[in-house]
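Okay, here's what each chain looks like letter by letter:
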Amino acid sequence: MISTLTEYQDLIVVAVVLLVAMIAVSAALRTYNRYGGGGDLWKERYSELEQKYSKVDSIFGAYPGLILIWDEKNSGPKTDWGRPRVYGSAAALASIQRFAEPGRSKNLALRILDGIADLDAIGERDNEMSLRKHLEVLRRSGKAFSISIVLPEGNVIEADGRVAGSQAVLWLEDASIRGEDERTAISRFETQKLLTKDDPVAFIDMMGRAPFPIWRMSAKGKLVWVNDAYISAVEAKNMADVLENQTQLDKLAGDEAQSVLSAETRVENIRRVNIGKTMKSMLVSLFPISGGAVGMAVDASETEGLRDALTRHIESHDELLNNMDEAIVIFGPDQRMSFHNTAFAERFKLETGWFKNRPSHAEWLDLMREKQLIPLRSDYKSWKAMELALYTDWPDEVPDEIWSLADGTTLRLARMRDPRGGISLLLSDITNTVTLQSQFNTLINVQAATLDKLSEGIAVFGPDGRLKLSNKAFATLWNLTEDDVKQEAAFSDLIEKCLPLYHDKVFWNNLKARTTDPNPEVRLHVDGEIRRSDDTMVTWLSRPLPDGATLIAWDDVTSARQAEAALIERAEALEAADRLKSEFVGHVSYQLRTPLTTISGYADFLQNNLAGELTDKQSEYVFAIQTASEDLKKTIDNILDIAAIEANVLDLELGDVDVFELLDQAQDYVATKAEDTKKSITVDCPMDVGVIRADEKRLKQVVYNLLSNALRFTKPGGNIVLGGRSAKGGGVTIWVKDDGVGIPSERQPQVFESFKSSRGGAGLGLALVQRFVERHGGWVELESEEGQGTHVTLYMPKHAAIEAAHPEFEFKVAE
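Let me sum up the structure you'll find in this document. (Residues numbered from 1 in each chain as written. Predicted model: local features only at pLDDT ≥ 70, side-chain atom pairs only at ≥ 80, totals over all residues. Heavy atoms only, no water.)

### Regarding the pairing of strand S13 (residues 337-340)
Across three bridges, strand S12 (residues 327-331) lies against S13 in antiparallel orientation. The residue of S13 that forms the bridge with phenylalanine 331 is methionine 337. Linking two consecutive strands that pair antiparallel, namely S12 and S13, is a turn of five residues; a positive phi of about 70 degrees is found at glutamine 335 within it. (Pairing = 2+ DSSP bridges. Helix = DSSP H or I, 4+ residues; strand = E, 2+ residues; numbered from the N terminus.)

See below:
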């Protein structure tokens, strides 16, 4: 092509010379004709030049391309192409004008240049300049070029730029029309033009039918093509209307196009755009292509809704994670932290400022090692490398890890991989769980050991009727082996093993039903006793447990039942003996009372001198008889009272008793005897101590017995205090305190027993005191120290026990 271009260069020079010569000859001819002479010679010369020019013009018309020639100086192709002259064949013009930029300009050459000047170019360099830049250099410095311009449909236009004298020449040749005659080429282009009238870009019919606006802009930012959706969006009549008025999608579209063309970068945003008469959220995208830029506007209303929903979901998700107790951190594919919750910052004591620069996974591990908040590793470097290697080499299974920290905390680490290649870490504080598990295991071990130490046989069955727990005593009691009582043994299998010792199948089936039937009417607290074929007595009980299991306990009570029978037999014997004793005492007391009455009567007869006057010595003997009779009578009365109390046939005659009067009379009763023995008795009781409901006779008997004991064991010159005070609850306390010989500590537990006396006597005084007071519902307390004296205190309630009262009295109270 270079040689062809050289030839055409020479032709251009010749044509220019001929043109200049023709102009000069024409001028000379006119001058000559004006002044006359030589006209024929000049006419002949002008005719020759005109023939040569026609020949050159014919050669230009045969060239399969266009030739653009600039005579004027360069004024900057970026803004002004100047006024180039155009030469070439009609076929070449029809071919190349397909790529002319639409518009109102009548200069076809300028429109052609605007249409192809910014398309991709192929040349000697890898990053070849566009035609626009090459022409700028050619017209400014005369540097020639030869490039191939790639057309949108895949064809190529050969473009060569040269300098011819002071002129700049551009050859444009469409390789697709080489070898075709002019008429054929023009016919083909006209057909393609009709076929592609609404779609100037070949093979993109689908773009024209797209349901969303698509448009193409030239390198100058002018609309050169739009699809039907675009026409509807801007409410235009047709494409011609849009291109003629350069109707942009919205106010920002033109500015964005200039930005895309100047920066050669993609621009994309979502904004509100009027599509027809409806305002919609549209995703507007513009990106550079060969020769300009392309824009698309896709309905993003649903996307925006999904984006808002996703944003709300992420916010709620983050809020949920922030409210969790577990520490959570997420590292992105770049190994930098993209999220952490509040618990994470608190768990690892991290300040807010530390998170601002999105620390990496490695930086976090280093900081945690410094703070001793991760487990100590002997080879920390290798361990860290293994952790970070998970981003590129994630295994099929990543089990949870347990981290034991220096401060005693135990963490469970769970790692999760997200689809983008990031890693999420979840760290749970399981210190309490581990502690509780340890305590639970210890409890289970202790429970098992405790069960094995029990003599009772224990078996726990689940709702499925299988053995969950048992002890050794259970196996021993029913002669079962270790294999028989293995875990999850069926109840029905155990029944077969136990039938030889107890044959009642109904019993076993009912017991099994209580373990497997969920009916609460069946799962009751039941117990019983059975006699086995080996004469062993076994008690059993069934208790439902809260978790649905059932506990069955067995106890061999054969020895206990034998001992119980022996005790019953002994108790019956003791009861019979006691009954015989009471009967004997009552009988003897009755038999003693008759002769005693006779002796006492005759002694009184003699003492009153009815049989004659007695001497002093005789009178002394009779008085001794009377005293002994009186003592014997009291002893007999005490024995009868003890017998009545033990037989529970002694009834109290309750009435109002003034405590002060009772104590005052008691003092008077023993005053004479105290004076005779040179012992002092004082009463320490306020007059308003109160009135109680009691049996006055029995209460006097109690006080007399206490005073009698005090007088008996107090040495001459000793002191006895009889006192009374109000007590809480409305009752009274009465006490007798002496400074006598006292009672040894080893004998004090026996002082309230019947017929027990440490210093002679019947041993009934304190026994009667305790029984009478307890009969009233009170209690007796004794304090004594040998050689220091004795202090007996009794408490009498405000109202005596009704159960001990005489039936008639009890009836009156009830009324």
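Resuming the write-up.
### Quick notes on the sheet that holds strand S9 (residues 267-275)
With respect to topology, five strands assemble into an open sheet ordered S8-S7-S11-S10-S9, the strand pairing being antiparallel. Edge strands, defined here as strands with exactly one partner in the open sheet, are strand S8 (223-226) and S9. This sheet shows a mean twist of 25 degrees between the axes of neighbouring strands, independent of strand direction. Helix H11 (residues 301-322) contacts S9, strand S10 (278-289) and strand S11 (292-299) of the sheet and is inclined by roughly 100 degrees relative to S10. (Axes fitted to C-alpha atoms, helices over the stretch in contact; angles between N-to-C directions. Contact = heavy atoms within 4.5 Å.)

### As for helix H10 (residues 251-263)
Among all positions in H10, only Ala253, Glu256, Ala257, Val260 and Leu261 are buried. One face of H10 carries all of its buried residues, which in axial projection span an arc of 135 degrees. Turned more than 90 degrees away from the buried face of H10 sit Lys251, Asp255 and Ser262, all of them exposed. On its buried face, H10 sits against strand S7 (214-218), S9, S10 and S11. (Buried < 20%, exposed > 50% of the residue type's maximum accessible area, 1.4 Å probe, protein only. Arc of directions from axis to C-beta.)

### Describing the environment of alanine 666
Examined against the element boundaries, alanine 666 turns out to sit in helix H21 (residues 659-676). As a C-alpha pair, alanine 666 and valine 703 span 37 residues in sequence and 6.9 Å in three-dimensional space. Ignoring sequence-local partners within four residues, the contact set of alanine 666 consists of Val703, Tyr704, Leu707 and Leu722.

### Quick word on the sheet that holds strand S27 (residues 779-785)
Spatially, five strands are ordered S23-S25-S26-S28-S27 in an open sheet, and the strand pairing comes out mixed. The sheet is open, and its two borders are formed by strand S23 (680-684) and S27, each paired with just one other strand. Averaged over neighbouring strand pairs, the angle between their axes works out to 10 degrees when direction is ignored. Bridge count between strand S26 (residues 732-738) and strand S28 (residues 789-796): seven bridges; the pairing is antiparallel. The partner of isoleucine 734 across the bridge, within S28, is leucine 794. The sheet strands contacting H21 are S23, strand S25 (719-726) and S26, and the helix crosses S23 at an angle near 175 degrees. Its contacts with the sheet put helix H22 (residues 696-712) on S23, S25, S26 and S28, and the angle it makes with S25 is roughly 150 degrees.

### Quick word on the pattern of salt bridges
All chains considered together, the criterion is met by 20 salt bridges. Residue aspartate 334 is joined to arginine 358 by a salt bridge in which the shortest nitrogen-to-oxygen separation is 3.3 Å. Within this pair, whereas aspartate 334 is found in the loop between S12 and S13, its partner arginine 358 is found in the loop between helix H12 (342-347) and helix H13 (361-370), the two being separated by 24 residues in sequence. Judged by its relative accessible area of 44%, aspartate 334 falls in the partly exposed class. Since its relative accessible area comes to 34%, arginine 358 is described here as partly exposed. A salt bridge links lysine 700 to glutamate 696, with the nearest nitrogen and oxygen atoms 3.7 Å apart. Residue lysine 700 and its partner glutamate 696 are both found in helix H22; the two are separated by four residues, about one turn of the helix. Owing to a relative accessible area of 22%, lysine 700 belongs among the partly exposed residues under this scheme. (Salt bridge = Lys/Arg side-chain N within 4 Å of Asp/Glu carboxyl O.)

In short, the description is geometric, and any link to function would need to be established separately.
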